[in-house]
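Residue-level structural notes
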4 protein chains.
Amino acid sequence: MSGSSFGKAFQITTFGESHGPAIGVVIQGCPPGLPIDQAIIRKALDKRKPGKGPASTKRKEPDTPLILSGTFEGKTTGTPIMIMIENKDAKSTSYIDIASIFRPGHGDYTYQQKFGIRDYRGGGRASARETAARVAAGAVAQLVLDPYKIKIQSYTIGLGGIRTSCFDADAIEKNPFRCPDMEAAKKMEQRIERVKNQGDSLGGVVEIKAVNVPAGIGDPVFDKLDGDIAKGMMSIGAVKAVEIGAGTAAPEMTGFENNDPLTPKGFVTNHSGGILAGISNGDEIVVRVHVKPIPSILKDQKTLTDTGEPTLISTKGRHDICAIPRINMVCESMLALVLTDHILRQKMTGNDFRPIF
Amino acid sequence: MSGSSFGKAFQITTFGESHGPAIGVVIQGCPPGLPIDQAIIRKALDKRKPGKGPASTKRKEPDTPLILSGTFEGKTTGTPIMIMIENKDAKSTSYIDIASIFRPGHGDYTYQQKFGIRDYRGGGRASARETAARVAAGAVAQLVLDPYKIKIQSYTIGLGGIRTSCFDADAIEKNPFRCPDMEAAKKMEQRIERVKNQGDSLGGVVEIKAVNVPAGIGDPVFDKLDGDIAKGMMSIGAVKAVEIGAGTAAPEMTGFENNDPLTPKGFVTNHSGGILAGISNGDEIVVRVHVKPIPSILKDQKTLTDTGEPTLISTKGRHDICAIPRINMVCESMLALVLTDHILRQKMTGNDFRPIF
Amino acid sequence: MSGSSFGKAFQITTFGESHGPAIGVVIQGCPPGLPIDQAIIRKALDKRKPGKGPASTKRKEPDTPLILSGTFEGKTTGTPIMIMIENKDAKSTSYIDIASIFRPGHGDYTYQQKFGIRDYRGGGRASARETAARVAAGAVAQLVLDPYKIKIQSYTIGLGGIRTSCFDADAIEKNPFRCPDMEAAKKMEQRIERVKNQGDSLGGVVEIKAVNVPAGIGDPVFDKLDGDIAKGMMSIGAVKAVEIGAGTAAPEMTGFENNDPLTPKGFVTNHSGGILAGISNGDEIVVRVHVKPIPSILKDQKTLTDTGEPTLISTKGRHDICAIPRINMVCESMLALVLTDHILRQKMTGNDFRPIF
Amino acid sequence: MSGSSFGKAFQITTFGESHGPAIGVVIQGCPPGLPIDQAIIRKALDKRKPGKGPASTKRKEPDTPLILSGTFEGKTTGTPIMIMIENKDAKSTSYIDIASIFRPGHGDYTYQQKFGIRDYRGGGRASARETAARVAAGAVAQLVLDPYKIKIQSYTIGLGGIRTSCFDADAIEKNPFRCPDMEAAKKMEQRIERVKNQGDSLGGVVEIKAVNVPAGIGDPVFDKLDGDIAKGMMSIGAVKAVEIGAGTAAPEMTGFENNDPLTPKGFVTNHSGGILAGISNGDEIVVRVHVKPIPSILKDQKTLTDTGEPTLISTKGRHDICAIPRINMVCESMLALVLTDHILRQKMTGNDFRPIF
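Below: a short report on this structure.

Definitions and limits used
Residues numbered from 1 in each chain as written. Chains lettered and ligands numbered in written order. Predicted model: local features only at pLDDT ≥ 70, side-chain atom pairs only at ≥ 80, totals over all residues. Heavy atoms only, no water. Contact = heavy atoms within 4.5 Å. Buried area = accessible area lost by both parts, 1.4 Å probe. Salt bridge = Lys/Arg side-chain N within 4 Å of Asp/Glu carboxyl O. Polar contact = N/O pair within 3.5 Å; in protein donor to acceptor, adjacent residues only side chain to side chain. Nonpolar A, V, L, I, M, F, W, Y, C, P; charged D, E, K, R; others polar. Helix = DSSP H or I, 4+ residues; strand = E, 2+ residues; numbered from the N terminus. Buried < 20%, exposed > 50% of the residue type's maximum accessible area, 1.4 Å probe, protein only. Least-squares fit on C-alpha atoms with pLDDT ≥ 70 in both. Pairing = 2+ DSSP bridges.

We now examine the interface of chain C and chain A. With 9 residues of chain C in contact, the opposing surface of chain A contributes 9 residues. Buried area between chain C and chain A, both sides added, is near 830 Å², and the carbon and sulfur share of it is 76%. Taken as a group, Lys347, Met348 and Thr349 of chain C account for 53% of the area that chain C buries against chain A, more than any other trio of residues on that side. On inspection of chain C and its partner chain A, the count reaches 0 salt bridges. At the surface where chain C touches chain A, the tally comes to 0 residue pairs in polar contact (both at pLDDT 80 or more). The class makeup of the residues in the side of chain C that touches chain A is 6 nonpolar, 1 polar and 2 charged.

See the structure below:
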């Protein structure tokens, strides 16, 4: 069944395992005539490339995207676009010792239960490596969003229990965590160093925003814009919670406090996160995702072998200490995919975007 | 496009507006031979019926479900099951004054932007009334779950800022909020009374659990079990955040703390919420949803007319003060729908459930 | 699974059994703002109404379509349109004697094998009655086609072995078979009378045309326009063959003979049936369907009981002698549904229709 | 939109253009644990390989299938299987002269109208080369059918107007057309030689059979087994008509003649082609497809340039004279894909196959 496909109008289908020959994506529904080249995809992939910050693995993923169909003379043709990334730095030997042991916090046990067989090398299909295909697809989606001047940005508002206390847009690119609070970023770095020395790992909180999204996209009643965003974000391996707008703070308010008043200048507040009744209202789309700590750690943990015998395991492969900031780009890509899907779907209603403010 | 459909193997399609002649659902993929009658559906609908607690509208919805297809001599036949509920207590006159005004916190403005036309009566398609169709479908889904002894239960852990501080399963049915903490329930009641007198409204937090879900359901990589749950829950009108297992607390832990160790007796902890890499691990499925306060309030709020003129609005129709406890049953139904869909999907892998503990 | 749904952008989902309380359809993806009322649907249903010609059953189906959602003040709203038709003239008693016998040529045996249970009354879900829901949906689809001036017409070119030898458009409405050859129509009538007296039944051949279909609709490579037409037509119970354009005559020609030359005035011939590489070329869409004789006959036939015992059966219920001309309207509706689906899909490419002739 | 995807439970998504870097397919829903290797795929591809008979192009397509995901240690894992075939013998230079001319009988004009851009090299996405991906996927599908002993075979019953007059199974592999009538095969060869010398091309008729298909697969009412077969076959570029069982001969019979009587030994006749009411009845599945002549011919034909100027065109690239016998394997593959999809879907009904004879 189509479990590896996402979207309806703009639909991606990903394939590939961490240590197989390649991963990639087939994109259906991309409009024809959009300018495209390898550099656009590569630039997006570079943003999730490992090895930059203190939280990242040293595994080198050159991540050269090969565009193998759906384009002609530098433009999309309207037919399926296939983008493939070969797995060049995959050392399977690192993983043989976990062939018969279920790593806690990973999908080893559940894949085995589901399929009765699993490619244990590096997590196989469950590896975060799979998200590179999403990022490649997200870069193509952004081509559809560009004419609307829709821009998507993510930043880190929590890492290892440290939360930001201010928002300085300029700070985001000045620290390795995409944190908009330089003070918090420093503490995050210290926290990572300490935890790294303990052979442990950390999680964090990412906020993603999209501006210039026209009012009117998103479908009643199941394919709500926030419904699809929630699915898209939660489908990223490490994500354990998704918030839209006020999110978990919404139930703390009364209706009067939470409702966003409309004025000729627009909405006074944005507790809705830019989405009302599942449809964009023209305000900023605001999403937050909560990312669990990387499950692969150097510390010994209790677990079972695949025959049910108790054992201890500690991870020896190359792993990030924290999914941040690499996961940020994946979140941006998922948001781009959802918005593109719904922008195209809206074309079928025949209703132009005519905002009243 | 199929925006009002949910699920792939067990697929529901809902229709209907709050003040139209009827709402209902077509269910595709229900296995044949399951015992079914009106009473099963009615019993589920009664759990979301208004008018029981202090937070509920006085609108009477008899909610008599008519099973109009897909059954024969008390059993499902494998063909589409259509269940319809007529809208008998819908007074459109209450809503004429909002025909040209956008109510804050509602979908009025966004529907208008999307479609250029809207059925303004009672929110039309965006009304919470639509969720009755989900509950009817959820009751059918539960028939598929019964042989697995899968049970789904919801309870309220927050309302109007008041959070529970203990879990007493016996308390749930003993107060009007399905709150497992009688002390908290009392405070919730007081809070509601006060806010009601102020013409305002409240939100809350619901936790939903499913037990006896076999390990192995959920599909890589987009149709993850938690991905589909997140979409299902977020597609409920008032929901602004969805958590799985540790949820927003996961990023506060280290990997060592968050990982759930496996032992021959099962998982030691359940921070995963019963889902690893998008696939059930046999432990309890744990979901939390954060519900915004009801947007319809008696207080005056700033807004616009549909020609962009500033105005004030206060709601005069019959409305709940809080979506809890009615939304709880909707959440249970959405979880039942997702689990049923994936239980059926798993049959196609040909892999039986063979848990190691 | 979604076996009772058809279309992707404009998607219909039908429900109902021949002798259940009702049949109907939910239409998703209909654009908002289209004028709609019961009369439009009823007019279409009247075209497949039984009891008009010599080949039709005397069963009276009032077929009053109830539009229960998705419209407001005489216009579509963009939300799901549900149309229901109650089964008022269904006499189940006529069918009790076939509860345990498999009628040859019907789905009795196959439904039993598939589901282990079946609603035997009047064929249940397999009844031609189901096609009324398609016709209702087709009438809504036509609303989308109207602005393009797309017109769909069907006529009968074969019945009981008698084929037309000329095409007189005026003749179509002047005989009970929608036959464009009055001479042939007379012979068809005689053939029907003779076969009727023998307690037997007949099949026929229907041609369906659509004019003014813009060049450019239909999707590579599986959702080709002709692929979807073939599925739509073959999904009508009695259809055993589908041809596009030259159809079965195409292999009799050489490439030079079969290719349709392009000139500034358009295509010289139309062997393609208006479709090249699965995409409309602006010429007339031409489809032919071959309809098997009605399987319900008065003559004794060999068959089995549901326990495998040999027996004889002859049908005593009310049945048509030939599916023509009632099936013609069903074919028109299926073509309308496919064209509407692809007209809407084409909007997403962002490419306007710019024919060169 | 998902126009390049086919199937719901066993779903394939193809990509690639004739003269792009590669073509291929992503297969979703393949059950885990099936033995697979490159040889199985290659063997299937060899059956549609050009260059064998007198009707084939001399273009060499080595067609080495690369299995790049979804398998581990020689077995399927249940995750998406991606198979890619590089385009090694594609000479784009042959096609530059047709960059601005619409070839009659091809998709050049319709692709241009649809997308406003087209990869003109060798037909791009519309090339028959695309069907290699279907054949690769069909070989995987056959792995699912093998345990049921389902065998699919195709043979040629018409070519260039010459029809077979007998069926000799042994003859099929003994002539280059897969023709079960050696006399007819000789005439076909002569016909091809003559037409070849005239610079023209031919079409033909292929029959495809599947044996051992269990009774009970196929879904009411749109996803009928014959409906899906019709779509699958008609989606092959050159196919203009599809018949099931008696097909176009069905309307020539009376109901008594056409109905297949049931006896304890099975059905007496098989006019139904093994499908009743869209569901398999356990008898042989019989399908016929009518293939138009290859549109690329050496003769001069009238056409237009992309600016609407009249011109003449004759094809100079390497082309087959007739799609037969290469298309036969494509038809077999499409049938395998449809049967596999419905075999898997049937697992969800929970109803085992229990034939009564």
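Before going further, it helps to spend a moment on unusual backbone geometry. Cis geometry is found at the peptide bond from Ile324 of chain B to Pro325 of chain B, where omega equals 10°. Tracing the chain through its elements places Pro325 of chain B in the loop between β18 (310–313) and α7 (326–347). Of note, Ala277 of chain C is a non-glycine position whose phi angle comes to about 55°, a positive value. Its place among the elements puts Ala277 of chain C in the loop between β14 (275–276) and β15 (279–280). On the basis of relative accessibility, which here comes to 19%, the residue Ala277 of chain C falls in the buried class.

Let us now look at the relation of the copies chain C and chain A. Each of the two chain copies can be generated from the other by rotation about an axis followed by a shift along it. Here chain C sits on chain A after a turn of 180° about the axis and a move of 0.0 Å along it, with an RMSD of 0.0 Å. Here the symmetry operator amounts to a two-fold rotation axis. Both copies contact each other with a shared surface, as 100% of the interface residues of chain C are interface residues in chain A too.

So, on to the relation of the copies chain A and chain B. Once chain A is rotated about the relating axis by 180° and shifted along it by 0.0 Å, it coincides with chain B to within an RMSD of 0.0 Å. Of the interface residues in chain A, 100% have counterparts in chain B that sit at the interface too, so the contact is made through matching surfaces.

On to the interface of chain A and chain B, then. How big an interface is tends to be stated in terms of the accessible area lost upon association of its parts. Chain A puts 113 residues into the contact, and the matching count from chain B is 113 residues. Between chain A and chain B lies a buried interface of about 8700 Å² when both sides are counted; carbon and sulfur atoms form 62% of it. Of all residues in chain A, Lys114, Phe222 and Lys240 of chain A give up the largest surface area on contact with chain B, accounting jointly for 10% of the area buried on that side. Applying the counting criterion to the chain A and chain B interface returns 6 salt bridges. For Asp228 of chain A, the salt bridge goes to Lys231 of chain B, with nearest N and O atoms at 2.7 Å. At the surface where chain A touches chain B, the tally comes to 47 residue pairs in polar contact (both at pLDDT 80 or more). By residue number, the principal contributor to the side of chain A that touches chain B is helix α2 (residues 108–115) of chain A, which donates 7 residues. Here the residues of the side of chain A that touches chain B are counted per class, giving 46 nonpolar, 41 polar and 26 charged. One ladder, built from 3 bridges, connects strand β11 (residues 239–244) of chain A with strand β11 (residues 239–244) of chain B; its direction is antiparallel. In the sheet register, Val242 of chain A faces β11 of chain B, and the bridge partner there is Val242 of chain B.

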